[in-house]
Amino acid sequence: MTTPRVVITGLGAVTPLGLTVEETWAGLSAGRCGIARIKAFDPTGFPCELGGEVPPYRIQDHVPKSFRKAVKLMCRDIELAVVAAKEAVASSGLVTKGVDPEKVTVDPTRIGITLGSGMISCDLTELGPAVGVSTTDGQFDLHKWGKDGLSHITPLWLLKYLPNMLACHIGIIHDIQGPSNTITCAEASAHLAIGEAAQIIARGGADIALAGAAEAKINMMVLVRQNQLYRTVRGRNDAPETACRPFDVDAAGMVCGEGAGIVVLESLDHAQSRNARILAEVEGIGQSHSLNPAYEHLEPDGTGIRIAVEKALADAGIGPEDLDLIIPHGTAIPQDDLAEARGLQDALGSATGRISVWPTKSMLSATGAAAGAIDVIAAVRAMNERVIPPARNFTKPAAGCDLNIPTERREGRIRRALCCSYTHGGQTAAVVLRAFEGDGAK
Amino acid sequence: MKTPTTTERVVITGTGIVCPLGNDVKTFWEGILSGRSGIDFTTVFDASTFPTTFDAEVKDYDFRQCIRQPQLHEKCSRSSGFALGAAAQACKQAGLDVETAHPNDGIDRTRMGIYLGAGEGSFDNDAFFGSLVAGWDAQQQQLNWPRSIRFAMEHMKPAKELEQEPNMAAAHISLLTGARGPVRSCLTACAASTQAVGEAMMLIRRGDADVMIAGGAHSMIHPLGITGFNLLTALSRRNDSPQTASRPFSGSRDGFVIGEGAAILILESLTSARRRGARILAEVVGYGSSSDAFRVTDMHEEGRGAIQAMRAAIADAGLTTQDIDYVNTHGTSTQENDSIETLAIKAVFGDRAKQVPASSIKSMLGHLIGAAGAAELIAAVLAIRDDVVPPTMNLHDPDPKLDLDYVPDVPRKMPVRVVMKESFGFGGQNNVVILKQYSEEGSKRVS
């Protein structure tokens, strides 16, 4: 018995560098930076006033006419996911209900959806009027909130913020009736979602799946904790474009952002039977856990990363010598970068020095759950274009980060790419992608 | 991806629970079989002016009493604390070592994983609402952001805030057990922990893990969570009689009763369980998942997604509806769920629908949201162990349209070999898991 191979046939991305995969790739390959002072609200008072925000868009333009009313129920995270899903489905050539209800080419019961989501923090201005009527002597009064405040909030408020609503809206738009899951493992969510969706296809649970993640971390309450924990960069508010410096000797923290990345996964048989354009193969998934009682950081030796990478390679049936590109998690938080570098070095051994490592958060910012999916898309584009763009904001490696990070553009065949991610709770994940060159041989 | 090397049978070797009916499996089950209610007035916060003033809370619980090294988890949220206690119990029953760097239970930690359906952490009400009050400009009807930010930066406690993220319950269990295998956490609303158990089974079948610590942990009993459900008018408002408010399948049902808790099952490959000589409680034989793709606010009117998930699970198990002795329903006590779930069961079971007992323990337990499915799966394990079907309580005025055998009022002694557990989430995710009494000869599943 052989496992069906799983391939990627569609890509969709919404990032601080653009509203499409093409715009995002153009930005990445030019080394453009999507980080600036936060515009969504006045961030004065935060040590880090910077963010990676998605360019302006109108959500109504990205949903079918029949669905326009439902945009009222979409928080920012849902919107980003819906936009990315639209592009991903369109680029796959599949005709779902969301593309054209008259010409559907897919069996809705054979499509699944597995998305990663963050814990969605609500829009604070929406609660303002309710809070306004719920104070006594300038203090919040829960009695008044229960009695009078509730009537100032829209009845369906909760539904805007449940993490599974990303998949719910996309599922309704595109009529996805197969397995649906929402992975809530913070920054590891996208890789875990892509992995689980690929496994569902491999076990015959679906022919096609949308997988990826979206998250909007440009929310005041989210940024409070990142700032308080000294995770965000300090002292760089006047130089946004050079603020985020993964693995660099001057790295001083991360910059939070927002975005979405969604891929269309398909069994190779299904993709070939409809002559789909195959962009890459999902070859291996690995995951593990970092054990560190100081949860906000990886364990210093990077064991959790090492095990995830080793498992991903084993799942793909390859060795470190088969990799040509790594997109690391690389937040630019110095001790986490060092731990990740150590984990990679231990997993890859003597091959470490040969494999190009291309951190993307210097341009894309840290987009939470979405980051892993955007990185997978960046890796697919790099493989398709046979280009590894230069790392941005990297001049000299931080002590101990002995990785092969290119400062100049590299061209040539990329056989396989590895993407890594980890969370501040400890989950680690790695995905191996293989360039699909039509041969089918392994 | 690699070719699966196994088609492993997956068994349950441990269970643990912290829930409104008690903080261990024995107390939980005695409560269920005696028809006790875990529901009472809200004490977690002052809900006296909310439209609904009651819920199903975990009582008399302190995770520090349940583990040896509570200092490693000091900042953990309410629901992560529940998860730690439930996981410690489940591991103990399964003979798995916890809180040691050198486990001696024969399980390679890189082959031990975790899959939880888990929700948000504890909510710092004072700092959250305080930040809003500080910044809200009633004249302009807008937020003065810098004022809110200043208040929040001064009053929020960063380590506690970190524990808000839904992946943290899994992180705490990982530290408790040393698990370094596949660690995932999902949140598909009320279907989350049934999905977690189903996907955990799949990871073992695939050969990715020998042991999965699977289940759920959730508490939405905080002012914003309760605000949200009240606004949706999803909660029962029977404030004069909390204990009879959850009345699944009854004609006078008026909403669900929100609960909280954690439930953990140890899933293990049969090979591993046999090698360790672990006691096998039941076998997990089938899993099916689907989505409604219908409306954000409502279930599909004919239960299309629910039907598809049930059929997928039955097929996955290599069984037919004839084999199923008991359906542990989602049975929330909302008008919509109980009607549509009944329709779906009828569509799947056909002529046999009225012969299959279908009860809801939410009548006693309340609705544990993300943790509900796992708690109810533990009831299913015990139903198989004791050959008894737990009752649906508070079913005194039947709904004429709902005419299945809901097992009203008292538990029923009868042979129970196969149980189907179904869970349906807000947003249209449907998940079904089938458990079977363990026997050497095994299941008929061929794949």
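Given the structure is predicted, the values throughout are model-derived calculations rather than measurements.

### A look at the overall build of chain A
For chain A, the count of helices and strands is twelve helices and 16 strands. Since a compact globule built from 442 residues should have a radius of gyration of about 22 Å, the 21 Å found for chain A is in line with a globular shape. Principal-axis analysis of the C-alpha atoms gives chain A an extent of 70 × 55 × 40 Å. Buried positions account for 66% of the 442 residues belonging to chain A. Taking the intrachain contacts of chain A between residues at least 6 apart in sequence as the baseline, contacts between residues at least 24 apart amount to 78%.

### Some words on the overall build of chain B
In terms of regular secondary structure, chain B is built from 13 helices and 16 strands. For 447 residues, the compact-globule estimate of 2.2 N^0.38 gives 22 Å, and chain B sits close to it at 21 Å. Seen through its principal axes, chain B has C-alpha atoms that stretch 70 × 60 × 40 Å. Looking at chain B as a whole, 65% of its 447 residues are labelled buried.

### A few points about the interface of chain B and chain A
Across the boundary between the two partners, chain B contributes 79 residues, which contact 87 residues of chain A. The leading source of residues in the side of chain B that touches chain A is helix α4 (residues 145–155) of chain B, at seven residues.

### Focus: helix α9 (residues 303–316) of chain A
All names here are of chain A. Helix length check: α9 (14 residues) gives 20 Å between terminal C-alpha atoms against 20 Å at 1.5 Å per residue, within 8%. Where burial is concerned, most of α9 is hidden: twelve out of the 14 residues are buried. Those residues of α9 lying buried are T303, G304, I305, R306, I307, A308, V309, K311, A312, L313, D315 and A316. Of the surrounding elements, those touching the buried residues of α9 are β10 (280–289), α10 (334–348), β15 (416–422) and β16 (427–435).

### Notes on unusual backbone geometry
Of note in this structure, D60(B) is not a glycine but carries a positive phi near 50°. Looking at the element boundaries, D60(B) is found in the loop between β3 (54–56) and α2 (78–94).

### Some details on helix α7 (residues 220–228) of chain A
Burial within α7(A) is extensive, with nine of its nine residues counted as buried. Burial in α7(A) covers these residues: M220(A), M221(A), V222(A), L223(A), V224(A), R225(A), Q226(A), N227(A) and Q228(A). In this structure, the buried residues of α7(A) make contact with α3 (124–132) of chain A together with α4 and α5 (158–162) of chain B. Once α7(A) ends, the next one or two residues include Y230(A), with phi positive near 60°.

### Comments concerning the domain arrangement of chain A
Partitioning chain A into domains gives domain 1 (6–121 + 161–435) and domain 2 (124–158). A separation of 36 Å is found between the C-alpha centroids of domain 1 of chain A and domain 2 of chain A.

### Some remarks on the environment of G171(A)
Structurally, G171(A) can be placed in helix α5 (residues 165–174). It is 45 Å that separates the C-alpha atoms of G171(A) and V249(A), two residues lying 78 residues apart in sequence. In contact with G171(A), not counting residues within four places along its chain, are I113(A), I176(A), S180(A), S291(B), A293(B) and G428(B).

### Digging into the packing of α2(B) against helix α6 (residues 168–177) of chain B
All names here are of chain B. One way to put it is that α2 packs onto α6 with a least axis distance of 9 Å and a crossing angle of 40°. You can see that α2 and α6 cross each other, and the crossing is right-handed. For the pair α2 and α6, the contacting residues are S79, S80, A83, L84, A87, A88 and C91 in the first and M168, A169, H172, I173, L176 and T177 in the second. When grouped by side-chain class, the residues that make up the contact of α2 with α6 number nine nonpolar, four polar and no charged.

### Side note on the pairing of strand β1 (residues 10–18) of chain B
Residues and elements named next belong to chain B. Burial runs high along β1: nine of the nine residues are buried. Sheet topology places β1 next to strand β10 (residues 282–291); three bridges connect them, and they run antiparallel. In the strand pairing of β10, I12 is matched with A282. Where β1 lies against strand β9 (residues 260–269), eight bridges are found, and the strand directions are antiparallel. In the sheet register, G14 faces β9, and the bridge partner there is I266.

### A look at the pairing of strand β15 (residues 418–425) of chain B
Residues and elements named next belong to chain B. Within β15, eight of the eight residues are buried, which leaves the element mostly enclosed by the surrounding structure. Where burial is concerned, the two faces of β15 agree: the one with V418, M420, E422 and F424 and the one with V419, K421, S423 and G425 are both buried. Turn length for the β15-strand β16 (residues 429–436) hairpin, with the two strands adjacent in sequence and antiparallel, is three residues, and the turn residue G427 shows positive phi of about 105°.

Each value, and the rule that gives it
- Residues numbered from 1 in each chain as written.
- Chains lettered and ligands numbered in written order.
- Predicted model: local features only at pLDDT ≥ 70, side-chain atom pairs only at ≥ 80, totals over all residues.
- Helix = DSSP H or I, 4+ residues; strand = E, 2+ residues; numbered from the N terminus.
- Rg over C-alpha atoms; globule rule 2.2 N^0.38 Å.
- Buried ≥ 20, exposed ≤ 12 C-beta atoms within 10 Å, placed from the backbone.
- Contact = placed C-beta atoms within 7 Å.
- Expected span 1.5 Å × (residues − 1).
- Domains from an automatic or database assignment.
- Axes fitted to C-alpha atoms, helices over the stretch in contact; angles between N-to-C directions.
- Left-handed = near helix turned anticlockwise from the far one by under 90°.
- Nonpolar A, V, L, I, M, F, W, Y, C, P; charged D, E, K, R; others polar.
- Pairing = 2+ DSSP bridges.

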